[in-house]
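Coordinates in review
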Amino acid sequence: MSKTAELAGKLAALNFADMYNNDFYWTWDKTDDEISAVFQVADALRDLRERGKSTRIFDSGLGISIFRDNSTRTRFSFASACNLLGLEVQDLDEKKSQIAHGETVRETANMVSFMADVIGIRDDMFIGEGHKYQKTFMDAVTKGNADGILEQKPTLVNLQCDVDHPTQCMADMDSIIHHFGGVENLRGKKVAMTWAYSPSYGKPLSVPQGVIGLFTRFGMDVVLAHPEGYDVMSDVEEVAKKNAAASGGSFRKVNSMEEAFEDADIVYPKSWAPYVAMEQRTKLYQAGDQAGIDALEQELLANNAKFKNWSCTEEMMARTKGGKALYMHCLPADITGLSCKEGEVDNSVFDRYIDDLYKEASFKPYIIAAMIFLAKVKDPVAALRELDAQAGPRVRF
């Protein structure tokens, strides 16, 4: 039996029917079975490709990518995922569109979606705005489909908003499952999701929020660590608490990086901006107050500089389980002595884990493809079995 056939069998035992023709906003919107289904399909698609089999389920169609913030990994992962399934990718460059001339979100959404099967959106810059934009966009295409303007409703894949970064955190978790030899081996593992010093000020909160919102579902002991004042959204903390209680794991907050790293199995040191400050930044942005934004930036940079000791050093790593915890990062990291003078992680630590980090990133195209697959294929189990049995070679000559 092939690995894909085995994974299709596991998929058949799950209840994920509601994912068909649905969107993917936040991981905590999805049931445990739906989260597991994404992992099964992602691993099956990876197995098929590694065995040289074609995984094209579309003969034509578009994947529309909308990046309102810069991206390398997620941009190319989305393109790879669409291509893997047979879709062409078209990027919406807002500077080349009519948006600057007053085109509404509703109009843009319908105009780019005539033959689109999936819309991938990254909008993570401003608290209270990213998820709102994604929702407004998808409400517009849903109505467009209902009104007969669009022959199909594209599905949304959240490529990062102000609240969650589901494709990143799902890829992180899939890499962890493989690293530890199965989801059953995660129970009781300690995860340190910690703030780390950065010489920049406005990094989104969606990665730490996504990590605590997802990792707490697997019976792990998740610790969120940050200096006083660097809080994340309280609503997401409540999600983490409920998930931990349901899974038999734990979730707690500390204000010490040392305490978080002590005997940790996994460490995820990552800078982010204080939630309260990002709320203030959004208000300044909405008011068009550039001087206020500039002043806030200087204030936050000065505050960051008070916590330069919050860095993933060799000494900090020595505190972890056997001194060999799995180091994770969504990339790019601020690397002390390489990309910056002082940053999130020592160059020696980063270099030691560089293969693990790149492998971690390699799961993202398959996670995104799985999200699309489950939203667009009515019978994913049968489809995987057919691909496994009949799909032609990916490289024909």
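Read on for a plain summary of the structure. Here the structure is a predicted model, which is why all the values come from computation and not from measurement.

Calculation notes
Residues numbered from 1 in each chain as written. Predicted model: local features only at pLDDT ≥ 70, side-chain atom pairs only at ≥ 80, totals over all residues. Heavy atoms only, no water. Helix = DSSP H or I, 4+ residues; strand = E, 2+ residues; numbered from the N terminus. Rg over C-alpha atoms; globule rule 2.2 N^0.38 Å. Buried < 20%, exposed > 50% of the residue type's maximum accessible area, 1.4 Å probe, protein only. Contact = heavy atoms within 4.5 Å. Areas by Shrake-Rupley, 256 points an atom, 1.4 Å probe, with all protein chains shown as cover. Lys, Arg positive; Asp, Glu negative; His and termini not counted. Charge placed at Lys NZ, Arg CZ, Asp CG, Glu CD. Pairing = 2+ DSSP bridges. Axes fitted to C-alpha atoms, helices over the stretch in contact; angles between N-to-C directions. Salt bridge = Lys/Arg side-chain N within 4 Å of Asp/Glu carboxyl O. Right-handed = clockwise from strand over helix to strand, strands pointing away. Expected span 1.5 Å × (residues − 1). Patch = residues over 30% accessible without salt bridge, like charges linked within 9 Å, V, L, I, M, F, W, Y side chains within 5 Å. Phe/Tyr/Trp six-rings, centres within 6.5 Å; stacked < 30°, edge-to-face > 60°. Lys NZ or Arg CZ within 6 Å of the ring centre and 35° of its normal.

As for the overall build of the chain
Of regular secondary structure, the chain possesses 16 helices and 11 strands. Scaling as 2.2 N^0.38, a compact globule of 397 residues should have a C-alpha radius of gyration of about 21 Å, and the chain matches this with 21 Å. The principal-axis extent of the C-alpha atoms belonging to the chain is close to 55 × 55 × 45 Å. Going through the 397 residues of the chain one by one, you find that 57% of them count as buried. For the chain, the share of sequence-separated contacts (at least 6 apart) that also reach a separation of at least 24 residues comes to 83%. Of the roughly 17,200 Å² that the chain leaves accessible, carbon and sulfur atoms contribute 49%. Mean positive and mean negative side-chain charge positions of the chain (45 and 59 charges, respectively) differ by 3 Å.

Regarding the sheet that holds strand S6 (residues 221-225)
By way of backbone hydrogen bonds, the strands of a sheet pair with one another, either parallel or antiparallel. Reading across the sheet, the 5 strands line up as S7-S6-S5-S8-S9 and stay open at both edges, with parallel pairing between neighbours. Taken across any chain shown, the strands that pair with only one partner, and hence form the sheet edges, are strand S7 (250-254) and strand S9 (326-327). Here S6 pairs with S7 via 5 bridges, running parallel. From the neighbouring strand, Leu-224 faces S7, where its bridge partner is Lys-253. Contacts between helix H7 (residues 206-215) and the sheet are confined to strand S5 (190-194), S6, S7 and strand S8 (266-269), with S5 contributing the most and set at about 160° to the helix.

Concerning the sheet that holds strand S2 (residues 88-91)
Spatially, the 4 strands line up as an open sheet ordered S2-S1-S3-S4, and their pairing is parallel. Each edge of the sheet is formed by a strand with only one pairing partner; in this case those strands are S2 and strand S4 (155-161). Averaged over all pairs of adjacent strands, the angle between strand axes in this sheet comes to 20°, irrespective of strand direction. Across 5 bridges, strand S3 (residues 116-123) lies against S4 in parallel orientation.

Regarding the pattern of salt bridges
Applying the stated rule across the entire model yields 20 salt bridges. The residue Lys-153 makes a salt bridge to Asp-23 at a minimum N-O spacing of 2.9 Å. Linking Lys-153 in the loop between helix H5 (130-146) and S4 with Asp-23 in the loop between helix H1 (3-12) and helix H2 (32-50), this pair joins segments that are 130 residues apart in sequence. Residue classification places Lys-153 among the buried residues on the basis of a relative accessible area of 16%. In this structure, the salt-bridge partner of Arg-46 is Glu-50, at a minimum N-O distance of 3.3 Å. Pair noted here: Arg-46 and Glu-50 are both in helix H2, with a separation of 4 residues, about one helical turn.

Regarding the pairing of S6
With 4 of 5 residues buried, S6 lies mostly within the body of the structure. Pairing between S5 and S6: 5 bridges, direction parallel. Note that in S6 the partner of Thr-194 across the bridge is Ala-225. Between S5 and its parallel partner S6, the chain crosses via H7, and the hand of that crossover is right-handed. For the crossover from S6 across helix H8 (residues 234-247) to S7, the handedness is right-handed.

Examining H2
Helix length check: H2, at 19 residues, gives a terminal C-alpha distance of 27 Å against a target of 27 Å (1.5 Å per residue), a fit within 8%. The buried fraction of H2 is high, at 14 of 19 residues. Count one or two residues on from H2 and you reach Gly-52, which has phi positive near 80°.

Observations concerning the side chain of Gln-209
Take Gln-209: it is sitting in helix H7. Leave out the neighbours within four places in its chain, and Gln-209 touches Trp-28, Asp-162, Val-163, Val-232, Met-233 and Val-236.

Considering a nonpolar patch on the surface
A cluster of nonpolar side chains, contributed by Met-111, Phe-114, Met-115 and Ile-149, occupies part of the molecular surface with about 420 Å² of accessible area. Counting through the fold element by element, Met-115 comes out in the loop between helix H4 (105-111) and S3.

Some thoughts on the packing of aromatic side chains
Under the counting rule described, the total for this entry stands at 9 aromatic pairs. Ring plane angle 50° and centroid distance 6.0 Å describe the contact between Tyr-133 and Phe-137, whose orientation is recorded as tilted. Of the two residues, Tyr-133 and Phe-137 both sit in helix H5, 4 residues apart, roughly one turn of that helix. The two residues Tyr-133 and Phe-137 agree in class, both being buried. For the pair Trp-195 and Phe-307, a centre-to-centre distance of 6.2 Å together with 85° between the ring planes defines the contact as edge-to-face. You can see Trp-195 sitting in the loop between S5 and H7 and its partner Phe-307 sitting in the loop between helix H11 (290-304) and helix H12 (314-317), a full 112 residues away along the chain. Here Trp-195 and Phe-307 have matching classes, each one buried. Ring pairing ties together the aromatic residues Trp-195, Tyr-230, Phe-307 and Trp-310, which thus form one cluster. The ring of Phe-24 has Lys-30 lying over it, and the distance from NZ or CZ to the ring centre is 5.1 Å.

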